[in-house]
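Structural features, examined
Letter by letter, the chains look like this.
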Amino acid sequence: QVQVVESGGGLVQPGGSLRLSCAASGRVFTISGIMAWYRQAPGKQRELVASVTTGGDTVYGESVKGRVSVSRSNANNAIYLEMFNLKPDDTAVYYCSVNRLWVTGGGVGDYWGQGTQVTVSS
């Protein structure tokens, strides 16, 4: 069994900051693919927020560029998202995506977390 769990969401005022975490646990041997954060607001399509490779190369979505920073711990099978100067338009469910997770005992696959709600409101 493999679990991918996000944490750190919540309610924050406009202009505030938030840090999201996501970790894969259970029968995880290693993760060789990209780890990423996506978000989906009500009535909108899921969009990329940020991604990071095992080597630390990053890609950011246009709507958040300059306001977020993504990092990764390969040793802990985790990805983090620091968000700054949050706006009401950042309100969404944030999902963690894990590509090419190798399971102890055999097998490889892609996984999603269950999502964590971020609400930006005064």
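Residues numbered from 1 in each chain as written. Predicted model: local features only at pLDDT ≥ 70, side-chain atom pairs only at ≥ 80, totals over all residues. Heavy atoms only, no water.

**Side note on the pattern of salt bridges**
To keep things clear, this is the line we draw: The salt bridge definition used is simple: a Lys or Arg side-chain nitrogen within 4 Å of an Asp or Glu carboxyl oxygen. Secondary structure elements are defined from DSSP: runs of H or I of at least 4 residues count as helices, runs of E of at least 2 residues count as strands, and each element is numbered from the N terminus. Summary of the burial criterion: residues with accessible area below 20% of their type's maximum are buried, those above 50% are exposed, and those between are partly exposed, where the area comes from a 1.4 Å probe applied to protein chains only.
Here the structure, examined in full by the defined rule, presents five salt bridges. Notably, a salt bridge pairs arginine 19 with glutamate 82, separated by 2.9 Å at the nearest N-O pair. Of this pair, arginine 19 sits in strand S3 (residues 18–26) while glutamate 82 is found in strand S9 (residues 78–83), placing the two residues 63 residues apart along the sequence. Accessibility expressed as a relative area gives 28% for glutamate 82, which makes it partly exposed. Arginine 67 is the salt-bridge partner of aspartate 90, the closest N and O atoms lying 2.7 Å from each other. A residue pair is termed long-range when its members are at least 10 positions apart, and aspartate 90 in the loop between S9 and strand S10 (92–103) and arginine 67 in the loop between strand S7 (58–60) and strand S8 (68–73) qualify at 23 residues. Residue aspartate 90 shares its accessibility class with arginine 67, and that shared class is buried.

**Quick look at the nonpolar core**
Quick note on the threshold: The criterion is simple. A nonpolar core is a set of buried Ala, Val, Leu, Ile, Met, Phe, Trp, Tyr and Cys residues joined through side-chain atoms within 4.5 Å. Contact between two residues is taken to exist if any of their heavy atoms lie within 4.5 Å; hydrogens are not considered.
If you look at the biggest cluster of nonpolar residues, it comprises 30 residues, and the most contacted ones within it are Leu20, Trp37, Ile79, Leu81, Met83, Tyr94 and Leu101. Broken down by element, the residue count for this core peaks at six residues, all from S10. Excluding residues within four positions of it along the chain, tyrosine 94 makes contact with Glu6, Leu20, Trp37, Tyr38, Arg39, Val49, Leu81, Met83, Gly115, Thr116 and Val118.

**Let's talk about the pairing of S10**
A regular strand places its side chains on the two faces of the sheet in alternate fashion. Convention followed: Should DSSP find at least two bridges between two strands, the strands are regarded as paired.
Pairing geometry for strand S4 (residues 28–31) and S10, over three bridges, is antiparallel. Considered in S10, the bridge of threonine 30 is made with tryptophan 102. For strand S5 (residues 35–40) and S10, the ladder comprises six bridges, and the chain directions are antiparallel. By the bridge assignment, arginine 39 is partnered in S10 with tyrosine 94. As paired elements, S10 and strand S12 (residues 116–120) share three bridges and run antiparallel to each other. For valine 93, the partnering residue across the bridge sits in S12 and is glutamine 117. In the sheet, S10 pairs with strand S11 (residues 108–112) via four bridges, with the strands oriented antiparallel.

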